[in-house]
Amino acid sequence: MVRNTVRSASSADPTVPGKLLRLLFHDCFVEGCDASVLLQGNGTEQSDPANRSLGGFSVIDSAKRVLEIFCPETVSCADIVVLAARDAVEMAGGPVIRIPTGRRDGMVSAASNVRPNIVDTSFSVDEMINLFSSKGMSLDDLVTLSGAHTIGTAHCSAFSDRFQKDSKGKLSLIDTSLNSTYADELIKQCPADSSPSVLINNDPYTSFMFDNQYYRNLLSHRGLFQSDSVLFNDERTRKQVEDFANDQVGFFESWGQSFFKLTSTGVKTGDEGEIRRSCSATNM
Ligand code: HEM
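The rules behind each value
Residues numbered from 1 in each chain as written. Predicted model: local features only at pLDDT ≥ 70, side-chain atom pairs only at ≥ 80, totals over all residues. Heavy atoms only, no water. Disulfide = S-S within 2.5 Å. Buried < 20%, exposed > 50% of the residue type's maximum accessible area, 1.4 Å probe, protein only. Helix = DSSP H or I, 4+ residues; strand = E, 2+ residues; numbered from the N terminus. Phe/Tyr/Trp six-rings, centres within 6.5 Å; stacked < 30°, edge-to-face > 60°. Lys NZ or Arg CZ within 6 Å of the ring centre and 35° of its normal. Core = buried A, V, L, I, M, F, W, Y, C linked by side-chain atoms within 4.5 Å. Domains from an automatic or database assignment. Contact = heavy atoms within 4.5 Å. Arc of directions from axis to C-beta. UniProt positions renumbered as here; feature names shortened; annotations may be inferred. Donors = N, O, S within 2.8 Å, 3.2 Å for Na, K, Ca; no water.

1. So, the state of the cysteines
1) Next: Under the defined criterion, the tally for this structure stands at three disulfides.
2) Next: Disulfide pairing places Cys28 opposite Cys33 at an S-S distance of 2.1 Å. For the disulfide bridge between Cys28 and Cys33, the dihedral angle about the S-S bond is near 120°, and by the sign convention the bridge is right-handed. Each member of the pair, Cys28 together with Cys33, is buried.
3) Next: Note on cysteine connectivity: Cys77 is disulfide-linked to Cys279, with sulfurs 2.1 Å apart. Taking the sign of the S-S torsion, about -95° here, the bridge from Cys77 to Cys279 comes out left-handed. Here Cys279 lies in the segment after helix 11 (248–262) and Cys77 lies in helix 4 (residues 77–91), a separation of 202 residues in the sequence.

2. A word on the packing of aromatic side chains
1) Next: Under the counting rule described, the total for this entry stands at 13 aromatic pairs.
2) Next: Here the aromatic rings of Phe244 and Phe251 are separated by 5.5 Å at their centres, their planes lie at 55°, and the arrangement is tilted.
3) Next: You can call Phe244 buried: its relative accessible area is 6%.
4) Next: Feature note: the residues Phe210, Tyr214, Tyr215, Phe244, Phe251, Phe252, Trp255 and Phe259 constitute an aromatic cluster, connected by ring pairs.
5) Next: Its end group placed over the ring of Phe29, Lys135 keeps NZ or CZ at 5.6 Å from the ring centre.
6) Next: The lysine or arginine in question, Arg238, covers the ring of Phe232, its NZ or CZ lying 5.2 Å from the ring centre.

3. Things to note about the nonpolar core
Across soluble globular proteins, you tend to see nonpolar side chains buried next to one another.
1) Next: Core analysis: the largest hydrophobic core is formed by 66 residues, its most contacted members being Leu21, Leu38, Ile60, Phe210, Tyr215 and Trp255.
2) Next: When residues in this core are grouped by element, the largest group, ten residues, is from helix 4.
3) Next: Here this core gathers at least three residues from each of two domains, domain 1 (2–118) and domain 2 (139–259).
4) Next: Excluding its chain neighbours within four sequence positions, the residues that come into contact with Trp255 are Leu21, Val89, Pro95, Ile97, Thr144, Leu145, Gly147, Ala148 and Phe210.
5) Next: Judged by nonpolar contacts, the second largest core, of 14 residues, contains Phe159, Leu178, Ala183 and Ile187.

4. Looking at helix 1 (residues 2–12)
1) Next: Turning to helix 1, its buried residues are Val2, Thr5, Val6, Ala9 and Ser10. The buried side chains of helix 1 occupy one side of the element, clustering within an arc of 120° when seen end-on. Exposed positions of helix 1 whose direction lies more than 90 degrees from the buried face are Ser11 and Ala12.
2) Next: Lining the buried residues of helix 1 we find helix 2 (16–28), helix 3 (57–70) and helix 4.

5. Thoughts on the UniProt feature "binding site: Ca(2+) 1" (unreviewed entry) in the protein chain
1) Next: The UniProt feature table records "binding site: Ca(2+) 1" (unreviewed entry) at Asp27, Val30, Gly32, Asp34, Ser36 and Glu45. Spatially, the listed residues are clustered: although they cover 19 residues, their C-alpha atoms lie within 12.5 Å of one another.
2) Next: Note on placement: Asp27 falls in helix 2.
3) Next: Within the fold, Val30 resides in the loop between helix 2 and helix 3.
4) Next: Ignoring anything within four residues of it in the chain, the contact list for Val30 reads Ser36, Glu45, Asn113, Val114, Asn117 and Ile118.

6. Details of the environment of Pro100
1) Next: Checked against the element boundaries, Pro100 lands in the loop between helix 4 and helix 5 (125–134).
2) Next: Sequence separation between Pro100 and Gly18 is 82 residues; the distance between their C-alpha atoms is 22 Å.

7. Focus: the coordination of the iron atom of the ligand
1) Next: Its sole protein donor being His149 (NE2), the iron atom of the ligand sits 2.1 Å from that atom.
2) Next: Positionally, His149 belongs in the loop between helix 6 (139–146) and strand 1 (153–155).

So, in structure tokens, the structure goes:
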């Protein structure tokens, strides 16, 4: 049922897979994979600026509605988020992965938990390693899961730190680790006065395909975020970036393992949490 929902949503809107995959990351890193990111209300995770550009909520809600008709109060929203992201990757051409279910939904969602647990594009490799290792994830997992940026889009503000504005309001490149032709294309698409709703493809070449193009882009200095580029610039991560750029099968194998770890982060089982009837609110 989740797969069918993701399939029809993705065929109507090719941006859906990217949204579902990012939603999973932001769910699992804050309070564990417990659908805390779906709870609505004042001061919930959704109200933090880092989560304002998240999407895909309506797809999760649709899947939940169908599930509540056929098997009420059985499938958690946390499992739906995981399954939807897994299926989204597969539908975008990525690997087929088996993932256990049985996660329960959390009762807590606080905006104040978001910043300390979500990576910012300004992070150094060390800062990313520290955050990932606090979730039980390795350097390899960091490089592998960053490969998610082979699909999806970003707002101009997500990489504006790589440019500076002159007195006439014209942008120029300050981050020399970015390819200058690519930088010019980005400036064209995201001029200083561009609307906040402009979206740029994370991967300029195969935007909607889940493949190893992200790593090829890093090799040619076309990582969109600073946090992408540093993976190629740092000696500890460069070798893995090069390996994945040359070996999509190897990337897919690693993706399966790292995705499994990501979706196991801080999972609630047994008496913890609940199975929500509606994904945007706790049952009480
Ligand atoms: C490691 C550090 C990471 C940083 C700093 C980072 C940061 C970002 C930012 C700033 C955006 C653009 C948001 C926007 O402007 O709309 C983005 C998009 C995205 N991120 Fe990441 N991310 C990271 C890791 C991950 C991981 C581990 C995943 C999933 C496993 C992921 C999946 C995505 C996806 C799929 C998109 C596109 C979303 C869409 O199309 O709406 N990211 N990321």
